[in-house]
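Survey of secondary and tertiary structure
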Amino acid sequence: MPAHRTLLATAALTAGAALVLSGCSGGAQGDATAFDPDEKVTLDFAFWGNDDRATRYNELIAAFNEEYPNITINTSFTDFPSFWEKRQTEAAGGGLPDVFQFSDSYLRQYAESGNLLDLADVSDYIDMTTFEESLLGTGALNGVQYSLPTGYSLWANFVNDDLVAEALVEAPEGGTSFADFDEWMASVTDATGGAVYGGTDYTQRIQVFELQLRANGDNLYTEDGELGFTEDDLREFWESGSEIRDGVTVPQQTLEELSPKSGFGAGITASEMSWSNFLGGYLADSGASSISLIAPPTAKEGSKDLYRQAGLQVAIAANTEHPEAAALFLDFVVNSPEAGEIFGTTLGFPASSSKLEGTPLEGADKQVADYIESAADRIGDAPPVPVVGYGSLEQTFWDLGKSIGLGAISVDDAVTQFFAEADAILG
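Here the structure is a predicted model, which means the values were calculated and not measured. (Residues numbered from 1 in each chain as written. Predicted model: local features only at pLDDT ≥ 70, side-chain atom pairs only at ≥ 80, totals over all residues. Heavy atoms only, no water.)

Quick notes on the sheet that holds strand β9 (residues 271–275)
- With respect to topology, three strands assemble into an open sheet ordered β9-β8-β10, the strand pairing being antiparallel. Edge positions in the sheet fall to β9 and β10 (291–294), since each has one partner strand and no second. Averaged over neighbouring strand pairs, the angle between their axes works out to 30° when direction is ignored.
- Two elements, strand β8 (residues 155–160) and β10, share four bridges in a ladder whose sense is antiparallel. When the sheet's bridge partners are listed, N160 is paired in β10 with I291.
- Here helix α7 (residues 178–192) sits on the sheet in contact with β8 and β9, set at roughly 135° to β9.
- Running over the sheet, helix α12 (residues 279–286) touches β8, β9 and β10 and is turned about 150° from β10. (Pairing = 2+ DSSP bridges. Helix = DSSP H or I, 4+ residues; strand = E, 2+ residues; numbered from the N terminus. Axes fitted to C-alpha atoms, helices over the stretch in contact; angles between N-to-C directions. Contact = heavy atoms within 4.5 Å.)

So, the environment of F397
- Considering the arrangement of structural elements, one finds F397 in helix α17 (residues 390–406).
- In contact with F397, not counting residues within four places along its chain, are T203, Q204, R205, I206, F209, L234, F237, W238 and F418.

Thoughts on the environment of R235
- In this fold, R235 is placed in helix α9 (residues 231–239).
- Separated by 178 residues in the primary sequence, R235 and D413 place their C-alpha atoms 9.7 Å from one another.
- Residue contacts for R235: discarding those within four places in its chain leaves V411, D412 and V415.

Description of the packing of α9 against α17
- At a closest axis distance of 12 Å, the pairing of α9 and α17 adopts a crossing angle of 45°. On the basis of the axis angle, α9 is oblique to α17. The hand of the α9/α17 crossing is right-handed. In this structure, α9 uses L234, F237 and W238 to contact α17, whose residues at the interface are F397, L400, G401 and I404. (Parallel < 35°, antiparallel > 145°, perpendicular 65-115°, else oblique. Left-handed = near helix turned anticlockwise from the far one by under 90°.)

Focus: helix α16 (residues 364–374)
- Of all the positions in α16, only D365, V368, A369, Y371 and I372 are classed as buried. In an axial view of α16, the angular spread of the buried residues amounts to 160°, which keeps them on one side of the axis. Residues of α16 that are exposed and point over 90 degrees away from its buried face: E373 and S374.
- On its buried side, α16 packs onto β7 (151–152), β8, α12, β10, α14 (337–343) and β12 (349–350). (Buried < 20%, exposed > 50% of the residue type's maximum accessible area, 1.4 Å probe, protein only. Arc of directions from axis to C-beta.)

What to know about the packing of aromatic side chains
- Summed over all chains, the structure comprises 41 aromatic pairs.
- Here the aromatic rings of W48 and W84 are separated by 6.0 Å at their centres, their planes lie at 45°, and the arrangement is tilted. Highlighted residues: W48 in strand β1 (residues 41–48) and W84 in helix α3 (residues 80–93), separated in sequence by 36 residues.
- Given the relative accessible area of 10%, W48 is considered buried.
- Taken together, the ring pairs in this structure connect F35, F45, F47, Y57, F64, Y68, F77, F329, F332 and F343 into an aromatic cluster. (Phe/Tyr/Trp six-rings, centres within 6.5 Å; stacked < 30°, edge-to-face > 60°.)

Some words on unusual backbone geometry
- The omega torsion of the bond from S259 to P260 falls at 15°, within 30 degrees of zero and hence cis.
- Note that P260 resides in the loop between α11 (252–258) and β9.
- A positive phi is found at N142, a non-glycine position, where the angle reads about 50°.
- Mapped onto the secondary structure, N142 falls in the loop between β4 (140–141) and β5 (144–145).

Description of the pairing of β9
- With five of five residues buried, β9 is to be regarded as a mostly interior element.
- Where β8 meets β9, five bridges bridge the pair, whose relative direction is antiparallel. Bridge assignment links W155 to a residue of β9, and that residue is W275.

Considering the packing of helix α8 (residues 206–215) against α17
- Relative to each other, α8 and α17 sit at 100°, their axes nearing to 9 Å. The orientation of α8 with respect to α17, classified from their angle, is roughly perpendicular. Contacts between α8 and α17 involve I206, Q207 and F209 from the former and Y390, E394 and F397 from the latter.

So this is what it looks like as structure tokens:
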């Protein structure tokens, strides 16, 4: 057991449980309580992910219960869009899970509305000295720490080596132009007669739009909480995908039928762009014996368009009835060597030094570490703290991109609708 958790457990076992918390927000506000190691406690824990992630969490909870047998963890998981739909309903009714996976995209929205516990209220149960200040900052707002990152990731391009070999085409190079990558995707689709597609329409993802904006020195949003791009910028981006949507990438209707699996996870596309921590999940979903992790295309060679994204966090609901137990579990998820051993890099490259100590960097985990190192020259400064409602804008962007792919909406109408939504959210 790490030293800080040994001290916590010892302190909790002393007579009278001397650790008294003050000022807990939400449902715990004003309570003078301390962790009782003999009290039977049940916590709800929610996360987004797939079966592979669920299996790993179950293994982690079993390890956690070896140290805290009195704390029962009930889990639930779904895909990313459904996860946030449910959280917003729960937040409106004051019924968020005690502990839940969190995203920095929603930090302003959930913190400013009072739905997140200030982790200073339970700091005796969480070791924050294991994080660099820059990574702590990804879960902080106005000097208050609301969440902690499980790790960080880089945007990447995943390639199913098995499908590429079967198609008898050469593997793609990393960091090419988008035009060159489009040609490679077309070569795969042509070679297989459409049995396997070269990839997915990447213009659906706001992260690829962000990549292109950053290559030109811009960002999705400004420090003042405004959009950092124009209607013409968005129109040009979505229109740039018209050719790959015409028979090169997997049809959107096919993806709708495969959901919640992606085309890459289902083994019908040879490539897909996403965050580097998805490698373990992709290997599990696709059944591929080998997946390459290469740099995504770039809009400008030599640009600093990538950044360390520590968006996958863990937070505690302000109205939890068991803040101390929730803090112990959060600490175990983000700090324990057991979490490093069980999850490897699937929740991002470990953000805390203690978790990294337990992470065996071999196989897929070493592959992620090697990729992050190989892309170091492309890593620039992190973008501004996400604006309030960024999570909703990200989902709107994705939904509109999929509607374009289905032919249900024109690019012009999609641009108009996105900016109308942005105006409503950002004021």
